[in-house]
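# Secondary and tertiary structure notes
One-letter residues, chain by chain:
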Number of protein chains: 2
Amino acid sequence: MAKNFTSREEDYSQWYNELVIKADLAEHSAVRGCMVIKPYGYAIWEKIQAQLDKMFKETGHVNAYFPIFIPKSLFEAEEKNAEGFAKECAVVTHYRLKTDPNDSTKLVVDPNAKLEEELIVRPTSEAIIWNTYKGWIESYRDLPILCNQWANVVRWEMRTRLFLRTAEFLWQEGHTAHATETEAIEETKKMLEVYAEFAEKFMAMPVLKGVKTESERFAGALDTYCIEALMQDGKALQAGTSHFLGQNFAKAFDVKYATKEGKQEYVWATSWGVSTRLMGGLIMTHSDDDGLVLPPNLAPIQVAIVPIYKGEEQLAQISEQVAVIKTELEAKGISVKYDDRDTHKPGFKFAEYEFKGVPVRLAIGPRDMENGTIEVARRDTKEKEVLQQKDIANKIEHLLEQIQTNLYQKAADFRDEMTSKADSWDEFKDIIDNKTGFVLAHWDGTAETEEKIKQETKATIRCIPLNGKTEEGKCVFSGNPSKQRVIFAKAY
Amino acid sequence: MAKNFTSREEDYSQWYNELVIKADLAEHSAVRGCMVIKPYGYAIWEKIQAQLDKMFKETGHVNAYFPIFIPKSLFEAEEKNAEGFAKECAVVTHYRLKTDPNDSTKLVVDPNAKLEEELIVRPTSEAIIWNTYKGWIESYRDLPILCNQWANVVRWEMRTRLFLRTAEFLWQEGHTAHATETEAIEETKKMLEVYAEFAEKFMAMPVLKGVKTESERFAGALDTYCIEALMQDGKALQAGTSHFLGQNFAKAFDVKYATKEGKQEYVWATSWGVSTRLMGGLIMTHSDDDGLVLPPNLAPIQVAIVPIYKGEEQLAQISEQVAVIKTELEAKGISVKYDDRDTHKPGFKFAEYEFKGVPVRLAIGPRDMENGTIEVARRDTKEKEVLQQKDIANKIEHLLEQIQTNLYQKAADFRDEMTSKADSWDEFKDIIDNKTGFVLAHWDGTAETEEKIKQETKATIRCIPLNGKTEEGKCVFSGNPSKQRVIFAKAY
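Residues numbered from 1 in each chain as written. Chains lettered and ligands numbered in written order. Predicted model: local features only at pLDDT ≥ 70, side-chain atom pairs only at ≥ 80, totals over all residues.

### Comments concerning the overall build of chain A
Within chain A, the secondary structure is distributed over 14 helices and 26 strands. Projected onto its principal axes, the C-alpha coordinates of chain A cover approximately 80 × 70 × 55 Å. Per-residue burial over chain A gives 48% buried out of 492 residues. Within chain A, contacts between residues separated by at least 24 positions form 67% of all contacts whose residues are at least 6 apart in sequence. (Helix = DSSP H or I, 4+ residues; strand = E, 2+ residues; numbered from the N terminus. Buried ≥ 20, exposed ≤ 12 C-beta atoms within 10 Å, placed from the backbone. Contact = placed C-beta atoms within 7 Å.)

Take a look at the structure:
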């Protein structure tokens, strides 16, 4: 499988592109910028969805579904939001095709079926949702509203990359409505914590939590909280955002509620989302030059079992033994694939599971049958050992936990190693250009400085860390005073 | 809750429309023909999805995701399919908005951002999927492909009704590719069986299985299999379809495979889908003049518990007892809501759970606390009884099974009662106009007769029943010979 596979050192970007294709995760479609998520990739996304959905429900949220289209007049109601997305909107203008009068095998847009008002394919759903919430909210008794939706959205990006940046992507978007500012801010922070917990415990991907600067904020938000991860090439990936929207959308759509005292007040809002971009983060955090590496908590197949045999009789004996082991593993909730295909040799299968990132691969042959043993290979460290079959399910369960922990630790160590402080402009530029990674540096708090640093180095402020130490200092660029270091990096 | 609620007899159609809104299932959105699925409605859809997804996976299918857009040139490749959907396509023509030069608070479509080729918002995905499969299939080893996708689709309907017919709806669409005709036909039938089993066991909705006539076939199919249910107003609802597509799409997209012998052959195809329309069928099959009635297997809340109390002390005692009962019920996988809101009276809560179709409602007050009893009310029959709390979880578990069975039986009895034979044209017209329901009648097999019957009576051939008895007869309309009765009805 790993033949003709570019290594990370050769070309990290190429390595990623090839990996996504060769591991059967996704591919480009006939539609510019839109991807096809293949079954193996989608199975990982389903695991991500299932776990996040569980966490959303545990924190009191419910799912709903809102239209994919937004009438232009609603879309433009919240001006900043509209302005932020206007340049990347797919627009539906007609609702019918007709036979081409010049060629009866072709279709053309029917000019008589022009919509009176254009429809925007949702790039995000605040507008249509707040227009709906208006009808749901009368008094404080109707609050909070804690809705989430799993949906596809479209943002017409010019440069696309599978999972990381595509014209259409899948995501979830939470949209909540609250009676008070405090409650809305709490919700914003709570969902950031949910994202961080998910990233670390399930994706084994360490993240920094912080707040975006004004220039990096979601269009229409008062504050954007984010989790930022570090990829193996030293570039940052924004992995999830949670927005405190203040009363912007309530004002744009005139959504008020009666307080207990009977006063009319505008409602407070949040929105928060993660997308199939997480797949990109997952891939880039752990995978290596031999292919994909998946954390056990999100691997569609956690254990692959390969029989090594000559002839049908041997295979039958091995299969009988494997059935017992498989049942024991499955009883522990471990997903197992027994690969007894006779069309492929064991070596081919080993390479395939390695490339596809299956955390544990077991092999069992005639000698193992005699000795009551089994070969256990782990994907993360490439270690192999021969273990007694006795109590194998417990051993594998434990091993999967170990792999999950190890992947997280490895990524955390890398991230720590790649997090530097810079106290001068030369030092800053040197790190950004050569070592790369996260750079903690003082910043004077102005958009001008932020923009100039970006122009000179391509580094952006990923976030102002939450719970960051206050520390007197001087802006690494302007020399003006600063009270806290912020996180810079080049980013995806 | 049931105040100002139209009865079925007064106006069935109005009853349905009001029920969907008042039970918080869905509502109309600001986008013509598109609905908002509200949390309670979506929770039912999630149950439908989860069960179907399980059944698809058990029959060897995997999920994937394909783009929402289809370039016009791909869309028109399979001519019949394109022709069938051309009149109801939402078309994306531009990819950017810009500030209105005449009003800086407004946006207009940017004429410089016109797409070279228009994109169709998928009304169904055969075209984009078969264009993708072309790249996945080389030889017989790559077959079968058994993919399903959960997605939104858009069909620009002029007359819409919540769940039953909306411009955007949610559905699943299976798309499979096979080496042989036999295998593809088997798949088509297998998925019809899956749909029928789901409808009957989970929705408690009896269905007839059959094949569509040519004029009712899916555009591009050689055969369309369907399940047809009967609503309480005597109209039929097509609840799911499974299409044998032959080699039409393989030919349109040039998808061939190498056989074991090295010959190049076109691939055989099926597609099959059910949608949020099932929600409409579920609602109309069981609900009554007091609101929604949900079968326990799909009810988001299976048991609601209402405390009857005066003062906090009594509530605390009751709550303690309820906690024990709730835990026992949940241990059996029963979903329970304990409603201890102090903002609403028990009577209000009873009415609310009744209207929302919760299968079992329990009430517990001070006298029950003394006597170790609990009041059990079932939604389907409206029966109430006071039971001993002892062993209550087993009793409720059994009761939920009984309700599920009862709902199915009631619907099946109604369907049987409303299924008639007609042997003359007068009899046929009389039944269709007055008794309504399914009418078994002979048909001469011609599209002309079918069309004339439709024009005169509005009845259509719902299906040619699978495993229908052959029986010599004369067409009820033309008098020409016929060998099998087919099912007529007015339909949604």
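Still more to cover.
### Describing the sheet that holds strand S21 (residues 384–388) of chain A
Residues and elements named next belong to chain A. The five strands are arranged S18-S17-S19-S20-S21 in an open sheet whose pairing can be described as mixed. Strands at the two margins of the open sheet, each flanked by one partner only, are strand S18 (336–338) and S21. Across this sheet, the average inter-strand angle for adjacent strands is 25°, counted without regard to direction. By the bridge criterion, five bridges tie strand S17 (residues 303–307) to strand S19 (residues 360–364) in an arrangement that is parallel. When the sheet's bridge partners are listed, proline 307 is paired in S19 with isoleucine 364. Here helix H9 (residues 311–331) sits on the sheet in contact with S17, S18 and S19, set at roughly 165° to S17. Where helix H10 (residues 346–355) meets the sheet, it contacts S17 and S19, and its direction lies at approximately 170° from that of S17. (Pairing = 2+ DSSP bridges. Axes fitted to C-alpha atoms, helices over the stretch in contact; angles between N-to-C directions.)

### With respect to the domain arrangement of chain A
Residues and elements named next belong to chain A. The assigned domain composition of chain A is domain 1 (12–63 + 129–286), domain 2 (301–401) and domain 3 (420–489). The distance between the C-alpha centroids of domain 1 and domain 3 comes to 26 Å. Residue-level contacts link 15 residues of domain 1 with 14 residues of domain 3. Those elements that provide at least two residues to the side of domain 1 that touches domain 3 are strand S11 (208–211) and strand S12 (223–230). Top element by residues in the side of domain 1 that touches domain 3 is S11. It accounts for four residues. Broken down by class, the residue content of the side of domain 1 that touches domain 3 amounts to five nonpolar, four polar and six charged. (Domains from an automatic or database assignment. Nonpolar A, V, L, I, M, F, W, Y, C, P; charged D, E, K, R; others polar.)

### Points about helix H12 (residues 392–417) of chain B
For H12(B), built from 26 residues, the straight-helix expectation of 38 Å at 1.5 Å per residue is met to within 8% by its first-to-last C-alpha distance of 36 Å. Turning to H12(B), its buried residues are B:Ile392, B:Ile396, B:Leu400, B:Ile403, B:Gln404, B:Leu407, B:Tyr408 and B:Ala411. (Expected span 1.5 Å × (residues − 1).)

### So, the nonpolar core
Membership of the largest hydrophobic core comes to 308 residues, with the highest contact counts inside it found for A:Ala199, A:Ile227, B:Ala199 and B:Ile227. Contact partners of A:Ile227, with chain neighbours within four places excluded, come to A:Leu192, A:Tyr195, A:Ala196, A:Ala199, A:Val207, A:Leu208, A:Lys209, A:Ala239 and A:Gly240. (Core = buried A, V, L, I, M, F, W, Y, C linked by C-beta atoms within 7 Å.)

### Some details on the environment of A:Leu162
Residues and elements named next belong to chain A. Tracing the chain through its elements places leucine 162 in the loop between strand S9 (145–154) and strand S10 (168–178). By C-beta crowding, leucine 162 is classed as buried, having 23 other C-beta atoms within 10 Å. Linking leucine 162 and glutamate 197, residues 35 residues apart in sequence, is a C-alpha distance of 25 Å. With residues up to four places along the chain from it excluded, the contact list for leucine 162 reads Val20, Ala26 and Met35.

### A short note on the sheet that holds strand S8 (residues 114–121) of chain A
Judged by pairing direction, the sheet is antiparallel, and its six strands sit side by side in the order S4(A)-S8(A)-S5(A)-S5(B)-S8(B)-S4(B) without closing on themselves. The two strands at the open ends of the sheet, each matched to only one other strand, are strand S4 (69–71) of chain A together with strand S4 (69–71) of chain B. For this sheet the average axis-to-axis angle between neighbouring strands, irrespective of direction, equals 45°.

### Section: the interface of chain A and chain B
Listed by partner, the interface residues are 53 residues for chain A and 53 residues for chain B. Tallied by class, the residues present in the side of chain A that touches chain B amount to 33 nonpolar, eight polar and 12 charged. Strand direction decides the pairing type here: strand S5 (residues 91–94) of chain A and strand S5 (residues 91–94) of chain B, joined by three bridges, are antiparallel. Note that in S5(B) the partner of A:His94 across the bridge is B:Val91.

### With respect to the relation of the copies chain A and chain B
To go from the first copy of the chain to the second, apply a rotation about an axis and then a shift along the same axis. Least-squares fitting of chain A to chain B yields an RMSD of 0.0 Å, with the transformation described by 0.0 Å of translation along the axis and a rotation of 180°. On the angle and the small slide along the axis, the relation comes out as a two-fold axis. No C-alpha of chain A approaches the rotation axis more nearly than that of A:Val92, which lies at 2.1 Å. Take the interface residues of chain A: 98% of them recur as interface residues in chain B, which is what a same-surface contact looks like. (Least-squares fit on C-alpha atoms with pLDDT ≥ 70 in both.)

### Concerning the environment of B:Ala113
All names here are of chain B. With respect to the helices, strands and loops of the structure, alanine 113 is situated in the loop between strand S7 (103–109) and strand S8 (114–121). The exposure class assigned to alanine 113 is partly exposed, which follows from the 18 C-beta atoms found within 10 Å. Measuring from C-alpha to C-alpha, the distance between alanine 113 and aspartate 142 comes to 40 Å, with 29 residues separating the pair along the chain. Those residues in contact with alanine 113 that lie beyond four places of it in its chain are His94, Tyr95 and Arg96.

### With respect to unusual backbone geometry
With an omega of -5°, the peptide bond between A:Leu143 and A:Pro144 qualifies as cis. Structurally, A:Pro144 can be placed in the loop between helix H5 (126–136) and S9. Here A:Lys382, not a glycine, exhibits a phi torsion of approximately 65°, which is positive. Mapped onto the elements, A:Lys382 comes out in the loop between strand S20 (373–378) and S21. The exposed category is assigned to A:Lys382, around which 10 C-beta atoms lie within 10 Å. For B:Ala204, which is not glycine, the phi torsion reads 55° and is therefore positive. Along the chain, B:Ala204 turns up in the loop between helix H6 (181–201) and strand S11 (208–211). Classification of B:Ala204 by C-beta neighbours within 10 Å gives buried; the count is 27.

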